[in-house]
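Each chain, written out:
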Amino acid sequence: MPGAHHPPWTRAPRSICYWPLHPGLGFRRLAMTAHSFALPVIIFTTFWGLIGIAGPWFVPKGPNRGVIVTMLVATAVCCYLFWLIAILAQLNPLFGPQLKNETIWYVRFLWE
Amino acid sequence: APPPSGAAGRGAAAMGSLFRSEPMCLAQLFLQSGTAYECLSALGEKGLVQFRDLNQSVSTFQRKFVGEVKRCEELERILAYLVQEIRRADIPLPEGEASPPAPPLKQVLEMQEQLQKLEVELREVTKNKEKLRRNLLELIEYTHMLRVTKTFVRRNVEFEPTYEEFPPLENESLLDYSCMQRLGAKLGFVSGLIHQGKVEAFEKMLWRVCKGYTIVTYAELGEPLEDPETVSGWPAAGAHLQFPGAAVAEPMVPVSPLQGEVTKWCVFLVSFWGEQIGLKVKKICDCYHCHVYPYPCAAEERREIQEGLDARTQDLHTVLHKTEDYLRQVLCKAAESVYSRVVQVKKMKAIYHMLNMCSFDVTNKCLIAEVWCPEADLQALRRALEDGSVRAAAGASRPGACVSTLSSWRAPSTGPCCVQRVRWDRGCARPPRAAASSALTFAGVAVLASLQRFPGCFPRVERALLYGASLPLLRWQRESGATIPSFMNTIPTKETPPTLIRTNKFTEGFQNIVDAYGVGSYREVNPALFTIITFPFLFAVMFGDFGHGFVMFLFALLLVLNEDHPRLTQSQEIMRMFFNGRYILLLMGLFSVYTGLVYNDCFSKSVNLFGSGWNVSAMYSSSHAPAERDKMVLWNDSVVRRNRVLQLDPSVPGVFQGPYPLGIDPIWNLATNRLTFLNSFKMKMSVILGIIHMTFGVTLGIFNHLHFRKRFNIYLVSIPELLFMLCIFGYLIFMIVYKWLVYSAETSRAAPSILIEFINMFLFPASETSGLYRGQEHVQRLLLAVTALSVPVLFLGKPLFLLWLHNGRSCFGVSRTGYTLVRKDSEEEVSLLGSQDIEEGSSQAEDGCREVTSEEFNFGEILMTQVIHSIEYCLGCISNTASYLRLWALSLAHAQLSDVLWAMLMRVGLRVDTTYGVLLLLPVIALFAVLTVSILLTMEGLSAFLHAIRLHWVEFQNKFYVGAGTKFVPFSFRLLSSKLGGDDLV
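Residues numbered from 1 in each chain as written. Chains lettered and ligands numbered in written order. Predicted model: local features only at pLDDT ≥ 70, side-chain atom pairs only at ≥ 80, totals over all residues. Heavy atoms only, no water.

## A few points about the overall build of chain A
Item 1. Summing up its helical and strand segments, chain A has 5 helices and 1 strand in all.
Item 2. Its helices and strands in sequence order give chain A the pattern α-α-α-α-β-α, from N to C terminus.
Item 3. For chain A, restricting intrachain contacts to residue pairs at least 6 apart in sequence, the fraction spanning at least 24 positions comes to 50%. (Helix = DSSP H or I, 4+ residues; strand = E, 2+ residues; numbered from the N terminus. Contact = heavy atoms within 4.5 Å.)

Written out as structure tokens, the structure reads:
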């Protein structure tokens, strides 16, 4: 298997491959549930990057500047890392959620 | 709250304020004995310096200013007495906001006299009042007795059978008492009051002792009366003399002022025959603490007494009222100034305590104090000394005397210093000759002082020399009799200064967490700076729940917004604990909101914000092309109906449509195999966070080595440590992330277990397993080799290097242990160059050299220390990584507990049908809220808090923090408790 996979970021989002099969539902479903990996990564990296890298430049001068800068950087690092771990862990699920049949009905008709 | 010492805006490099403790220097203060008090008063107001005890060998009672301290204690005692009396009179004590300065010496005697007079007067008045009141009570008792006994005689006559045994003379005359007298001169009466409880015993005793020759009649008094014997002005008289604080702090007097014990009384009348028996009866009365009053024999006598009593009672009432009014007036007047007096006396006492720490020089004219002072505050210290001197001189100014301030000095490079400004007192237009000569004295003094002040002029100025140099100066002073200002010198030292980290109300709590483990060594990297974020973050990882975090955040926000509220600042115990940690709570709440969002938990329920990435419909065969249906296990309606539990298959196209953008997919909250997924995720997350946290700690160690100029430590300790950590556990992170990225549902069967791979890394199994990637074993061997190489370097590198350095002549990469900076620069240079440049000044290399050689070199000890440290580190890496799994365990516990609470309460409440549902739902919601706050927020929060503390203290700080310093405690009046009757400073 080594080498058999492309890194995930080179793959197109799966939903785009499959939704043409259901032209009726597909459009809505894409908007609702199809998540690309790249978009959240870009958004969150920019967000925490702004706080952690750009933020420190805007801290006003004063005796507490060092403390505030350290806080901003540390917050950005911690929060970004935490989010990244969560999304990476779900990127390629090895198994799916096991649902009760009632839940399946519920999910099918309320979420989709 | 203001920073603990000094003005806020002063000095301190921006980053340095929390990253390292401030640079300190040892300074010697030469305080002229006339101005010492004022100087210390000025210093105490500013709180700049910490005094060192120079008389440690001298016992407390043999010190110089014992008398003054005694006097302060006497004043404190009087004030405590005053406060007690004022409180007892229910007069409000105004607590001034501004704290008055310590009283000038001249005022002290005046104040003492005033206070003593007041005390004597008060005691006198109180004593009189007490006496009057006792009198009054006795009169009242007497009146009651008379009233009751009046009925006795009649009753005796009518019903007492014993009377009939007497020789019956004239029955009718028995009514009259004079008749009784006539009957026998020996008949006597004793009457009085006795405690109700003692009556029976009293009666029995009388019967036994007097063999029945007495007749006891008694009647209960309807209303309870006060006991005049227990009336006293100062019930705690003995106690409050010794512990003024304690006596005042707790109101020891439960009864209202000057009130005796209220008890039930019995009035008794004993009639007896014979003198002998009368004596016995009186003795027994004494024994039983009866209040005996003369018994009027005749009716007129009785009436007279009654009238006299009434008149006296009335008089006493008026006198008592007058006395009380007067007492109140006196106390009211005293109450106005008592607060400022208490503060003043406290300050004065503190000053004398500090003066007791100073040593006298030979001439006894000058006090020498040694103080630790932050380098940034030296200028302020000098100004405070000048202020104190000026104030003292102004206080003692005589006509014609001149007050001079040495305000500024030239830099040493320009040659001898001169006094730039001599300010004459405005009182004299032209300086008289005496004053002019004293100004000349000044110039000489100034030169001497400047030579001391700039030890840079002399390459090796020692402390002894400084003392010597100060002698001529003092002689000058003594001979001329001039008032010269107190001044200071910085002196070189090899002692470790105390640690000062300036905090504000926000950083204080975090600094306290670190200080609870150990106050940082001098100039060591302070973990509190990073704790500000990492502590709430690690807490939140364990406490991740959007709802709970938000409640905690709101609570903390309330505290923060109302932080000036007096009820909060003076609250007790638990509330105070929350209040002090309000900013920690605030950040903990905020981070919990974030981690709750990522965990997708809000009171144990998930929120589907972006739409789940899992598509259930795609599992149905109807949504696939017929050709594809055969390849996969798909569902249809009957399959779903028949199976209670079904698992989604991500390898079926369309089922998994990409990861949920923010945190955990909400579908996992509905899944029965939720824990399988969450455990795997959280476990890996804990390990990753933990290893990064620890690596960060080791990296901070490098900053310490750089600062203390132990560059060799970086190569021989820090880098091997980092290699050891990263080659084993860094690689573990790599494997985790690699598996996440590369293996997907289609290849899930081939995905190797990371744990097995990690174990195989060390075991070199014979059978080739399918690894994660090609060439894995080579990479792993390389990493293991690096690890194996770094271990001996870690064990032996530093000791061997030090040995080599000790034996060889060359000494590059000089070592420094703690504070060894020898100050050779003048303070002016300090203020010009800033602390950073000085530390990297030119004199370092040779100093360092000297120190390495001068230190006693003990190879065995160094080796042992290093070996122990290394073993601890290597084993610690493994156990600490495992220890970070508590992040997983606690977050799991928290999520499960809130889940259980929801299932057992809310679900029950929500299932009831609509008619009764509303009625049931309200109590259910109330109970849910109570349990959520008490169990999930308070208890779970506390446990997560403790575990976060542990992770910081043990796992993080272990890697770089020594924490062997002592805290800088400035001599500051602000640290004196401003409350009345609080404890003393010293």
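Having seen the structure, we can now continue with the description.
## Considerations on the pairing of strand β7 (residues 265–273) of chain B
Residue and element names in this part refer to chain B.
Item 1. Counting buried positions over the 9 residues of β7 gives 8, a clear majority of the element.
Item 2. Pairing between strand β3 (residues 187–195) and β7: 9 bridges, direction antiparallel. Bridged to G192 within β7 is F268.
Item 3. Pairing analysis gives 7 bridges linking strand β4 (residues 214–220) to β7, with the strands arranged antiparallel. Across the sheet, residue I215 finds its bridge partner in β7, namely S271. (Buried < 20%, exposed > 50% of the residue type's maximum accessible area, 1.4 Å probe, protein only. Pairing = 2+ DSSP bridges.)

## Focus: the UniProt feature "transmembrane region" (unreviewed entry) in chain B
Item 1. Here the UniProt-annotated "transmembrane region" (unreviewed entry) positions come out as residues 537–561, 582–599, 685–703, 715–738, 782–805 and 917–937 of chain B.
Item 2. Span residues 685–703 of chain B is 100% helix and 0% strand, its end C-alpha atoms 28 Å apart. (UniProt positions renumbered as here; feature names shortened; annotations may be inferred.)

## A closer look at unusual backbone geometry
Residue and element names in this part refer to chain B.
Item 1. Here D90, not a glycine, exhibits a phi torsion of approximately 60 degrees, which is positive.
Item 2. For D90, the position within the fold is in the loop between α3 (66–88) and α4 (105–159).
Item 3. Phi at R709 is positive, roughly 55 degrees, even though this residue is not glycine.
Item 4. Counting through the fold element by element, R709 comes out in the loop between α23 (674–707) and α24 (711–742).
Item 5. Under the relative-accessibility criterion, R709 is labelled partly exposed at 28%.

## Quick word on a positive patch on the surface
Item 1. Residues K100 of chain A together with R644, R907 and R911 of chain B make up a contiguous surface patch of positive charge.
Item 2. Within the element layout of this structure, K100 of chain A appears in strand β1 (residues 98–100). (Patch = residues over 30% accessible without salt bridge, like charges linked within 9 Å, V, L, I, M, F, W, Y side chains within 5 Å. Areas by Shrake-Rupley, 256 points an atom, 1.4 Å probe, with all protein chains shown as cover. Salt bridge = Lys/Arg side-chain N within 4 Å of Asp/Glu carboxyl O. Lys, Arg positive; Asp, Glu negative; His and termini not counted. Charge placed at Lys NZ, Arg CZ, Asp CG, Glu CD.)

## What about the packing of aromatic side chains?
All names here are of chain B.
Item 1. Counted under the stated rule, the structure contains 49 aromatic pairs over all chains.
Item 2. Here F506 and Y583 contribute two aromatic rings whose centre-to-centre distance is 5.5 Å and whose plane-to-plane angle is 80 degrees, an arrangement assigned as edge-to-face. Here F506 is found in the loop between β11 (487–491) and α14 (507–517), whereas its partner Y583 is found in helix α19 (residues 582–599), with 77 residues between them in sequence. For the pair shown, F506 and Y583 are each scored as buried.
Item 3. Measuring from ring centre to ring centre gives 5.2 Å for F535 and F945, while their planes differ by 80 degrees; the resulting arrangement is edge-to-face. Of this pair, F535 sits in helix α15 (residues 528–542) while F945 sits in helix α31 (residues 914–956), and the two are 410 residues apart along the sequence.
Item 4. Since its relative accessible area comes to 0%, F535 is described here as buried.
Item 5. Assessed through its relative accessible area of 21%, F945 is described here as partly exposed.
Item 6. One residue, R582, lies across the ring of F579, its end atom 4.3 Å from the ring centre. (Phe/Tyr/Trp six-rings, centres within 6.5 Å; stacked < 30°, edge-to-face > 60°. Lys NZ or Arg CZ within 6 Å of the ring centre and 35° of its normal.)

## As for the UniProt feature "coiled-coil region" (unreviewed entry) in chain B
Item 1. The UniProt entry lists residues 108–142 of chain B under the feature "coiled-coil region" (unreviewed entry), expressed in the numbering used here.
Item 2. Along residues 108–142 of chain B one finds 100% helix and 0% strand; the C-alpha atoms at either end are 50 Å apart.

## A short note on the interface of chain B and chain A
It is common to give the size of an interface as the accessible area that goes away when the parts come together.
Item 1. Counting residues at the interface gives 83 residues for chain B and 57 residues for chain A.
Item 2. A buried area of about 6600 Å², summed over both sides, lies between chain B and chain A, and 69% of it is on carbon and sulfur atoms.
Item 3. If you look at where chain B meets chain A, you find 0 salt bridges.
Item 4. For the interface between chain B and chain A, the tally reads 18 residue pairs in polar contact (both at pLDDT 80 or more).
Item 5. If you list the elements that add at least two residues to the side of chain B that touches chain A, you get α1 (16–19), α15, α19, α21 (637–642), β12 (645–647), α22 (667–670), α23 and α24 of chain B. (Buried area = accessible area lost by both parts, 1.4 Å probe. Polar contact = N/O pair within 3.5 Å; in protein donor to acceptor, adjacent residues only side chain to side chain.)

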